[in-house]
Amino acid sequence: MEDLGFMCARCGGEVHDVTHNREGELDAVGYRHNRRVEPWDHELELAVGAPDPGTPDCDFCGEAAPGWLYYPTLDPEDTDVFEVELDTTHLSDDDTATAVLNMLYPWYACDTCSVLVADRNMEQIIVRALERTPVPADGPVGEDVVRARLRGSLSVFFTTRPGRPQPSRAV
Ligand SMILES: [Zn+2]
Ligand SMILES: [Zn+2]
């Protein structure tokens, strides 16, 4: 028996539930790709199946075979109060939840992005991500939403993830 769970029928990727982060709002949406930034090239197609864990891409720009890994530095289990920097302008509730959840996950980075991270050059990371995966004209979301998602997830990353990355082969 394979492990069944929610997945995206379009890309085969894992899906996670962000509904519990909403305040008293019942809504069927609440599911997001289990990625550091919600993809903007296609809409999540929720399905039940065995998600394909695949091989990781750079979580900043999408490049294949990233060589670096940033571990989470916050453990919410023994941290009662934590602060993250997050500008929620243009962010939906689910995008906000996704951005905050990112402090629990490792982030993979390619060589170029690891240099940009060391420089804390958020603007250049956003430019690079949008160059590599342009926002499709007929896509599910517009460029302002994509920029807000990138800015939100990256600002949570930068407030919770100081220090140097580990080589990702150590995983
Ligand atoms: Zn997908
Ligand atoms: Zn990258």
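Everything that follows concerns the structure shown earlier in this document.
In this text, all values refer to a predicted model and were calculated from it rather than measured experimentally.

With respect to the coordination of the zinc ion (ligand 2)
Inference 1: Bound to the zinc ion (ligand 2) are the protein donor atoms Cys58 (SG), Cys61 (SG), Cys110 (SG) and Cys113 (SG), situated 2.2 to 2.3 Å from the metal.
Inference 2: Of note is the zinc ion (ligand 2), whose four donor atoms meet at the metal with angles of 102 to 117° in an arrangement that counts as tetrahedral.
Inference 3: In the primary sequence, the donor residues of the zinc ion (ligand 2) line up as C-x2-C-x48-C-x2-C. Here cysteine 58, found in the loop between strand 4 (46-49) and strand 5 (68-70), pairs with cysteine 113, found in helix 2 (residues 111-118); they are 55 residues apart in sequence, far enough to count as distant.
Inference 4: Overall, cysteine 113 belongs to the buried group, its relative accessible area being 0%.

Focus on the environment of aspartate 17
Inference 1: Assignment of secondary structure puts aspartate 17 in strand 2 (residues 15-17).
Inference 2: In the structure, aspartate 17 is positioned 77 residues away from aspartate 94 in sequence and 9.5 Å away in space, judged by C-alpha atoms.
Inference 3: Excluding its chain neighbours within four sequence positions, the residues that come into contact with aspartate 17 are Gly30 and Tyr31.

Brief notes about the sheet that holds strand 5
Inference 1: Ordered by their spatial adjacency, three strands build an open sheet running 6-5-7, and the pairing between neighbours is antiparallel. The two strands at the open ends of the sheet, each matched to only one other strand, are strand 6 (107-109) and strand 7 (166-167).
Inference 2: Examined bridge by bridge, strand 5 and strand 6 share three bridges and lie antiparallel to one another. Residue pairing for strand 6: tyrosine 70 is matched across the bridge by tryptophan 107.
Inference 3: Relative to strand 5, helix 2 is tilted by about 40°, and along the sheet it contacts strand 5 and strand 6.

What to know about the pattern of salt bridges
Inference 1: Tallied over the entire structure, the rule returns seven salt bridges.
Inference 2: Note that glutamate 63 and arginine 132 form a salt bridge whose closest N and O atoms lie 3.4 Å from each other. Linking glutamate 63 in the loop between strand 4 and strand 5 with arginine 132 in helix 3 (residues 122-132), this pair joins segments that are 69 residues apart in sequence.
Inference 3: Arginine 132 sits in the partly exposed class, given a relative accessible area of 40%.
Inference 4: When the shortest N-O distance is used, the salt bridge between aspartate 95 and arginine 149 registers 3.1 Å. Of the two residues, aspartate 95 sits in helix 1 (residues 93-101) while arginine 149 sits in helix 4 (residues 143-160), which places them 54 residues apart along the sequence. Assigned by exposure class, aspartate 95 and arginine 149 land together as buried.
Inference 5: Each of the salt bridges in this network shares a partner with another, and the network as a whole consists of Arg32, Asp95 and Arg149.

Here's the deal with the coordination of the zinc ion (ligand 1)
Inference 1: Cys8 (SG), Cys11 (SG), His33 (NE2) and His42 (NE2) make up the full set of protein donors to the zinc ion (ligand 1), lying at 2.1 to 2.3 Å.
Inference 2: One can describe the site at the zinc ion (ligand 1) as tetrahedral: its four donor atoms subtend angles covering 98 to 122° at the metal.

Considering empty space enclosed by the protein
Empty space among the atoms can be located by rolling a probe the size of a water molecule over them.
Inference 1: Following the criterion strictly, the structure yields one cavity of 30 Å³ or more and no others.
Inference 2: Here the largest cavity is characterised by a volume of approximately 50 Å³.
Inference 3: Contributing to the lining of the largest cavity are Val37, Glu38, Leu91, Asp95, Thr98, Ala99, Ala148, Arg149, Gly152 and Ser153.
Inference 4: The leading source of residues in the lining of the largest cavity is helix 4, at four residues.
Inference 5: When its residues are assigned to classes, the lining of the largest cavity shows four nonpolar, three polar and three charged.

Rules behind the numbers
Residues numbered from 1 in each chain as written. Chains lettered and ligands numbered in written order. Predicted model: local features only at pLDDT ≥ 70, side-chain atom pairs only at ≥ 80, totals over all residues. Heavy atoms only, no water. Donors = N, O, S within 2.8 Å, 3.2 Å for Na, K, Ca; no water. Tetrahedral: all angles 85-135°; square planar, octahedral: opposite > 155°, others 65-115°. Helix = DSSP H or I, 4+ residues; strand = E, 2+ residues; numbered from the N terminus. Buried < 20%, exposed > 50% of the residue type's maximum accessible area, 1.4 Å probe, protein only. Contact = heavy atoms within 4.5 Å. Pairing = 2+ DSSP bridges. Axes fitted to C-alpha atoms, helices over the stretch in contact; angles between N-to-C directions. Salt bridge = Lys/Arg side-chain N within 4 Å of Asp/Glu carboxyl O. 1 Å grid on protein atoms, 1.4 Å probe; cavity = no way out; pocket = protein on both sides within 12 Å on 5 of 7 lines; lining within 4 Å. Points joined across faces, edges and corners; volume = space filled by probe spheres on them. Nonpolar A, V, L, I, M, F, W, Y, C, P; charged D, E, K, R; others polar.

Keep in mind that these numbers describe shape and distance, not what the molecule does.
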